[in-house]
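Letter by letter, the chains look like this.
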Amino acid sequence: MHSKALAPEYQGALTKMSVNSSLTDVLAEGVRHLREAELSGSQEEVARCGLAVAEAHRRLGNVEEADRAWKSSYRSARSAGDLGAMAWALWSGGTLARQRGELRLAFRLLGLAADMGKRGGDIVARGYSLAGLAETGRIQGDYRTVAALHEQLLAEARARGEARHTVWALEGIAQIHRNTGSLDTALAMFEEAAELAGNADDRRGRAWALRGMADIISLRDDPERALALLAEAELTCRAMNLSSALAYNHKMRANVLFRAERYEEARAMYEEALQEFRAMTEPRGEALARLGLVKSLARLGRDRDDTAADLHELRRTLSRIGLLNARDMVDKAYAELGVTPVDGGTDKENGRR
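Because the structure is a prediction, the values reported are computed rather than measured. In this convention, every chain numbers its residues from 1, walking through the sequence in written order. Totals for whole chains, interfaces and linings use every residue, but because this is a predicted model, local features are given only for residues with pLDDT of at least 70 and side-chain atom pairs only at 80 or more, for both listing and counting. Only hydrogens and water are removed before side-chain values are computed, so all heavy atoms of the structure are retained for them.

### Focus: the nonpolar core
Only buried residues count toward a nonpolar core. Its members are Ala, Val, Leu, Ile, Met, Phe, Trp, Tyr and Cys residues joined through side-chain atoms within 4.5 Å. Each residue is assigned to one of three classes by its accessible area relative to the maximum for its type, calculated with a 1.4 Å probe on protein chains only: buried under 20%, partly exposed between the two thresholds, exposed over 50%. With 97 residues, the main nonpolar core has Tyr10, Trp70, Tyr74, Leu90 and Met213 as its most contacted residues. Contact between two residues is taken to exist if any of their heavy atoms lie within 4.5 Å; hydrogens are not considered. Met213 has contacts with Leu187, Phe190, Glu191, Ala194, Arg225 and Leu229, leaving out every residue within four places of it along the chain. Ranked by size, the runner-up nonpolar core spans 17 residues in total, among them Ala287, Leu318, Val330 and Val339.

In structure tokens:
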């Protein structure tokens, strides 16, 4: 039996904030309570309120503000000797680093957070930090390393009845199955995640699950149903001001349109998603949107040499970020579009063909 979804990152005076609260509301409440905590002199409360401020800024795409907020939260937690609050601040910082495409920093901060959570006896902070490590590895494309950790975290979340974490783990494992070709298994897990999120009133989790379902349904040549699922998810993204989720929703909408050979519509949607990712300094999403845009323009008749040059630059960018799976997507795009790589197919920087 799973409980209703909770938001453990909303702490201190913000514990009553719902997981479905608008991020602008979370930010306003966080700033208000942070000022009160600073006046009271309680460094522990400053750290806890500062965490909510950091997370609201991060999810709204305000990366510089989020960076300052999590570091301030950590300093306050350290002053108070609160290991749990230190773990949560490091988790926030590590999650922000992943969002910014700084994967090595993300691994380091999330590893420190997991250790700090264990030392401080905060099992939820440790669980979220381990989940962050697993997600970072999955995004990088290192499925073999992180698949077992995803399964472990899913089992732990189920055992504790933590709906939100169960939904996250199901979606992560589903994405691994999708990327490795097990589409039936992936769709079943996304559907389970969507149902569980709905029952637990986890609107954010359900929006991400619907996006995953739309992806696979689109691959099965049912674009209208896929677009309908994405439209439902977009309502949640807009209601909660989920900037990153909305941008990824738009990129998936563009993917669906591209697969349906509606290239002009896909081009426009990729451009919209690209601007959204750039506004929040999210290089992974930006690179993936650029890849889709390049492919759409190629289908619309763009010069092959220009397409090849853009794909080459994208490959370098993705290699620099460390997104192994996404980098392979560029290699497949060469063949799909009938374009000859400008370097003859050799990436000397990475020793790859």
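### Quick word on empty space enclosed by the protein
Which parts of space are left empty comes out when a probe the size of a water molecule is rolled across the atoms. Cavities and pockets were defined on a 1 Å grid built over protein atoms only: a cavity is a set of grid points that admits a 1.4 Å probe from which the probe cannot escape, a pocket is an open set flanked by protein on both sides within 12 Å along at least five of seven lines, and lining residues are those with an atom within 4 Å of any such point. Grid points are joined across faces, edges and corners, and a volume is the space filled by probe spheres set on the points. Applying the stated criterion to the full structure yields one cavity of 30 Å³ or more. Counted as a void, the largest cavity has a volume near 40 Å³. As for the largest cavity, its lining consists of Ala207, Trp208, Arg211, Ala233, Cys237, Ala245 and Asn249. Secondary structure is summarised from DSSP: a helix means a run of H or I of at least four residues, a strand means a run of E of at least two, and numbering begins at the N terminus for each. At the level of elements, helix 10 (203–219), helix 11 (223–239) and helix 12 (243–259) are the ones that each hand at least two residues to the lining of the largest cavity.

### Examining the packing of helix 4 (residues 83–99) against helix 6 (residues 123–140)
An axis is simply a line fitted to the C-alpha atoms; with a helix, the fit covers only the stretch in contact. Between two such axes, the angle follows the N-to-C directions and lies from 0 to 180 degrees. Close contact between helix 4 and helix 6 brings their axes to 9 Å; oriented N to C, the two are set at 15°. When the axis of helix 4 is compared with that of helix 6, the two are roughly parallel. The two elements helix 4 and helix 6 meet at a crossing, and its hand is left-handed. Contact residues: Ala87, Trp88, Trp91 and Arg98 in helix 4; Val124, Ala125, Tyr128, Ser129, Gly132, Glu135, Thr136 and Ile139 in helix 6. Oblique is the label for every angle not falling under 35 degrees (roughly parallel), over 145 degrees (roughly antiparallel), or within 65 to 115 degrees (roughly perpendicular). Left-handed describes a crossing in which the near helix is turned anticlockwise from the far one by less than a right angle; the clockwise case is right-handed.

### Things to note about unusual backbone geometry
Residue Asp201 is not a glycine yet carries a positive backbone phi of 60°. Note on placement: Asp201 falls in the loop between helix 9 (183–199) and helix 10.

### Quick word on helix 3 (residues 63–80)
In this analysis, the expected span of each helix is defined as 1.5 Å times one less than the number of residues it contains. Helix length check: helix 3 (18 residues) gives 26 Å between terminal C-alpha atoms against 26 Å at 1.5 Å per residue, within 8%. Those residues of helix 3 that sit buried are Val63, Ala66, Asp67, Ala69, Trp70, Ser73, Tyr74, Ser76 and Ala77. Lining the buried residues of helix 3 we find helix 2 (43–60), helix 4 and helix 5 (103–120). Looking one or two places after helix 3, you find Gly81, whose phi comes out positive at around 70°.

### A word on the packing of helix 6 against helix 8 (residues 163–179)
Contact geometry for helix 6 and helix 8: axes closest at 11 Å, N-to-C directions at 15°. The angle between helix 6 and helix 8 places the two elements in the roughly parallel class. For the pair helix 6 and helix 8, the crossing hand works out as left-handed. Contacts from Gly127, Tyr128, Ala131, Ala134, Glu135 and Arg138 of helix 6 reach helix 8 at Arg164, His165, Trp168, Gly172, Gln175 and Ile176. Under the convention adopted here, Pro, Cys and the residues Ala, Val, Leu, Ile, Met, Phe, Trp and Tyr are nonpolar, Asp, Glu, Lys and Arg are charged, and Gly plus all remaining residues are polar. In terms of residue class, the contact of helix 6 with helix 8 is made up of five nonpolar, four polar and three charged.

### Focus on the layout of surface pockets
By volume, the second largest pocket is sized at about 230 Å³. Looking at the second largest pocket, it is lined by 16 residues, and the ones nearest its centre are Ala5, Leu6, Ala7, Pro8 and Tyr128. Those elements that place two or more of their residues in the lining of the second largest pocket are helix 6 and helix 8. Among the elements that take part in the lining of the second largest pocket, helix 8 stands out by supplying three residues, more than any other.

### Considerations on the confidence of the model for the protein
When pLDDT drops low, the exact placement of atoms in the prediction is not to be read closely. pLDDT expresses, on a scale from 0 to 100, how confident the predictor is about each individual residue. Confidence along the protein averages 91 in pLDDT terms, with 96% of residues attaining 70 or more. Considering only residues more than four positions removed or in separate chains, one finds that residues 344–353, a stretch of pLDDT under 50, has 16 contacts.

### Focus on helix 8
Between its first and last C-alpha atoms helix 8 spans 24 Å; for 17 residues at 1.5 Å apiece the expected length is 24 Å, and the two agree. Within helix 8, 15 of the 17 residues are buried, which leaves the element mostly enclosed by the surrounding structure.

### Structural notes on the packing of aromatic side chains
Under the pairing criterion, centres of Phe, Tyr and Trp rings, with the six-membered ring standing for Trp, must be within 6.5 Å; the plane angle then separates stacked pairs below 30 degrees from edge-to-face pairs above 60, leaving the rest tilted. All chains considered together, the criterion is met by six aromatic pairs. Taking 4.7 Å as the distance between ring centres and 70° as the angle between the ring planes, the aromatic pair formed by Tyr248 and Phe277 counts as edge-to-face. Of this pair, Tyr248 sits in helix 12 while Phe277 sits in helix 13 (residues 263–279), and the two are 29 residues apart along the sequence. Using a relative accessible area of 4% as the deciding quantity, one classes Tyr248 as buried.

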